[in-house]
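Take a look at the letters that make up each chain.
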Amino acid sequence: MRKSLIFLLVFSVMLVLAGCQLGTSSSDRSITVYSERHYDTDQYLFDLFEQETGIEVRVIDGNADQLINRLDNEGEDTEADVLIIADAGRLHRAKSMDLLQPVHSDVLFNNIPANYRDEDNMWFGLTKRARVLVYHPDRVDPSELSTYEALTEPQFKGRVVTRTSTNIYNQSLMASLIEIMGETEAKAFAAGLTANFARTPAGNDRDQAKYVVEGGADIAIMNTYYIGRMMNSSDRFEQEVANTVKVFFPNQNTSGTHVNVSAAGVTKHANHSEDAIKFIEFLSSETAQSKFASANYEYPVHVNVEIDDLLASWGDFTAQSIPLSVLGEHSYRAAVIMDEVGWE
Ligand SMILES: [Fe+2]
């Protein structure tokens, strides 16, 4: 018993020493990435990064809330160097929980427009998505459509669907409107929209488009990439839905269509922060951007990079120009307002 304990102790010390050696050896560098994404293209890009730099990329999947909670629980002991999740509202949560560290990188500053990264450089947008109006062409003439705010008008009574107010995408949309029009008008919008709902909010973004095709509503507020996902789904009905509905970019002559990002940040307790920065820089590069974005039918944030054919088929659009950092700052008020007007 005692002998085996001593053996175990010696063995552990040897392992720790071996670990130290690995840590200092340049031929065996690695980073750990907590990512909400799980696409084949990501792995292709990570392999490319590994070939170019010799830095191995270890990925741990999970949804955003799981990964944020895990980081929080692990504290200083975390193995994570990089966090990749969607929605500026969630990134703000990670930032305010003190889970990220600031990064000063000219590469990132050059590749990523200022409004798509955190004002304190805690996170950097890598792909963007638009929250658009999706309509049934048999029941809606696009000339009827103009802005998010116009959906509060009487002609849209009982014709609009979107998901619940607890959903971060809708909270971020509302947060953007608070920033653009102020709280009073944003609240009037939320109340008017709620009054025009075709049903009590339910389901995810795809379910809204499905409900439109099933005839329950005429217009859905949802994220663009779900159209791409459904078009390429193995589910026949999802394909039918995606091929039936049309995309409309609202607020083109006013404040622009609401956009949000998926983004990456270096964790506060990263053990390999320099390599983590190199990794995020790589994902922001022209080489990586179109692949990284098109894996989820999103738009690259890098301005020089071409977009996916499907996205190109919807045409160019003007996005809101607000810094996305403000979405997280207004998300609490956004949730309160939606609750107050009865948006379930
Ligand atoms: Fe999503």
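All values reported here derive from a predicted model rather than from experimental measurement. (Residues numbered from 1 in each chain as written. Predicted model: local features only at pLDDT ≥ 70, side-chain atom pairs only at ≥ 80, totals over all residues. Heavy atoms only, no water.)

Colleague: What exactly am I supposed to notice about the layout of surface pockets here?
Modeller: Over the atoms, a rolling probe the size of a water molecule traces out where space has been left empty. Taken as a whole, the largest pocket encloses approximately 390 Å³ of empty space. Lining the largest pocket are 18 residues, and of these Glu36, Tyr39, Tyr169, Tyr226 and Arg229 sit closest to its centre. Elements represented by at least two residues in the lining of the largest pocket include exactly β3 (82-86) and α9 (225-231). Here the residues of the lining of the largest pocket sort into seven nonpolar, four polar and seven charged. Shared between two domains, the lining of the largest pocket takes at least three residues from each, and those domains are domain 1 (29-128 + 260-306) and domain 2 (130-258 + 319-340). The calculated volume of the second largest pocket comes to roughly 290 Å³. Contributing to the lining of the second largest pocket are 17 residues, with Lys128, Tyr299, Ile307, Asp316 and Phe317 lying nearest its centre. When its residues are assigned to classes, the lining of the second largest pocket shows ten nonpolar, five polar and two charged. Taken together, domain 1 (29-128 + 260-306) and domain 2 (130-258 + 319-340) each give at least three residues to the lining of the second largest pocket, which thus spans both. (1 Å grid on protein atoms, 1.4 Å probe; cavity = no way out; pocket = protein on both sides within 12 Å on 5 of 7 lines; lining within 4 Å. Points joined across faces, edges and corners; volume = space filled by probe spheres on them. Helix = DSSP H or I, 4+ residues; strand = E, 2+ residues; numbered from the N terminus. Nonpolar A, V, L, I, M, F, W, Y, C, P; charged D, E, K, R; others polar. Domains from an automatic or database assignment.)

Colleague: Which parts of the structure should I look at to understand empty space enclosed by the protein?
Modeller: Throughout the structure, instances matching the rule amount to one cavity of 30 Å³ or more. Counted as a void, the largest cavity has a volume near 40 Å³. Every residue lining the largest cavity is listed: Asp87, Arg129, Ala130, Arg131, Tyr169, Ser172, Asn223, His258, Val259 and Asn260. Only β5 (124-135), α6 (168-181) and β9 (258-267) provide two or more residues apiece to the lining of the largest cavity. Here the lining of the largest cavity is composed, by residue class, of three nonpolar, four polar and three charged.

Colleague: What's the story with the pairing of strand β7 (residues 219-223) in this structure? I'm lost.
Modeller: Each regular strand carries side chains that alternate between the two faces of the sheet. With respect to burial, β7 is a largely interior element, five of its five residues being buried. As paired elements, strand β6 (residues 160-161) and β7 share two bridges and run parallel to each other. Its bridge partner being in β7, Val161 is matched across the sheet by Ala220. (Buried < 20%, exposed > 50% of the residue type's maximum accessible area, 1.4 Å probe, protein only. Pairing = 2+ DSSP bridges.)

Colleague: Help me understand the confidence of the model for the protein, please; the structure alone is not making it clear to me.
Modeller: Note that predicted coordinates carrying low pLDDT should not be read in detail. Here the protein averages 93 in pLDDT, while 92% of its residues score no lower than 70. Predicted confidence for residues 15-27 stays below pLDDT 50, and this span has one contact to residues more than four positions away or in other chains. (pLDDT = per-residue confidence, 0-100. Contact = heavy atoms within 4.5 Å.)

Colleague: When you look at helix α3 (residues 64-74) in this model, what are you seeing that I'm missing?
Modeller: Since there are 3.6 residues in each turn of an α-helix, residues three or four apart along the chain are aligned in direction. Taken together, the buried positions of α3 are Ala64, Leu67, Ile68 and Leu71. Across the axial projection of α3, the buried residues extend over an arc of 100°, all falling on one side. In this structure Asn63 caps α3, since a side-chain oxygen of it lies 3.1 Å from the backbone nitrogen of Asp65. Backbone geometry just downstream of α3 places Gly75 in the positive-phi region, at approximately 55°. (Arc of directions from axis to C-beta. Polar contact = N/O pair within 3.5 Å; in protein donor to acceptor, adjacent residues only side chain to side chain.)

Colleague: I tried to follow the domain arrangement of the protein on my own but got confused; where do I start?
Modeller: We note that the domain assignment places domain 1 (29-128 + 260-306) and domain 2 (130-258 + 319-340) within the protein. Spacing between the C-alpha centres of domain 1 and domain 2 amounts to 27 Å. Counting residues at the interface gives 19 residues for domain 1 and 20 residues for domain 2. Here domain 1 packs against domain 2, burying approximately 1600 Å² in sum over the two surfaces, 55% of which is carbon and sulfur. Of all residues in domain 1, the largest losses of buried area upon contact with domain 2 belong to Asn115, Asn260 and Tyr297, amounting jointly to 33% of the total for that side. At the level of elements, α4 (88-96) and β9 are the ones that each hand at least two residues to the side of domain 1 that touches domain 2. Looking at the side of domain 1 that touches domain 2, the element that brings in the most residues is α4, giving five residues. Here the side of domain 1 that touches domain 2 is built from residues that sort into seven nonpolar, five polar and seven charged. (Buried area = accessible area lost by both parts, 1.4 Å probe.)

Colleague: I'm lost on the packing of aromatic side chains in this one. Help?
Modeller: Note on aromatic pairs: each is described by the distance of the centres and the angle between the planes. As enumerated under the stated definition, the model contains eight aromatic pairs in all. Seen in terms of ring centroids, Tyr225 and Tyr226 are 4.3 Å apart; in terms of plane orientation they differ by 40°. Their pairing is tilted. A relative accessible area of 1% means that Tyr225 is categorised as buried. For Tyr226, a relative accessible area of 11% puts it in the buried group. Ring pairing ties together the aromatic residues Phe46, Phe49, Phe279 and Phe282, which thus form one cluster. Positioned above the aromatic ring of Phe292, the side-chain terminus of Arg37 is 3.6 Å from the ring centre. The side chain of Arg199 reaches across the aromatic face of Tyr211, ending 3.8 Å from its centre. (Phe/Tyr/Trp six-rings, centres within 6.5 Å; stacked < 30°, edge-to-face > 60°. Lys NZ or Arg CZ within 6 Å of the ring centre and 35° of its normal.)

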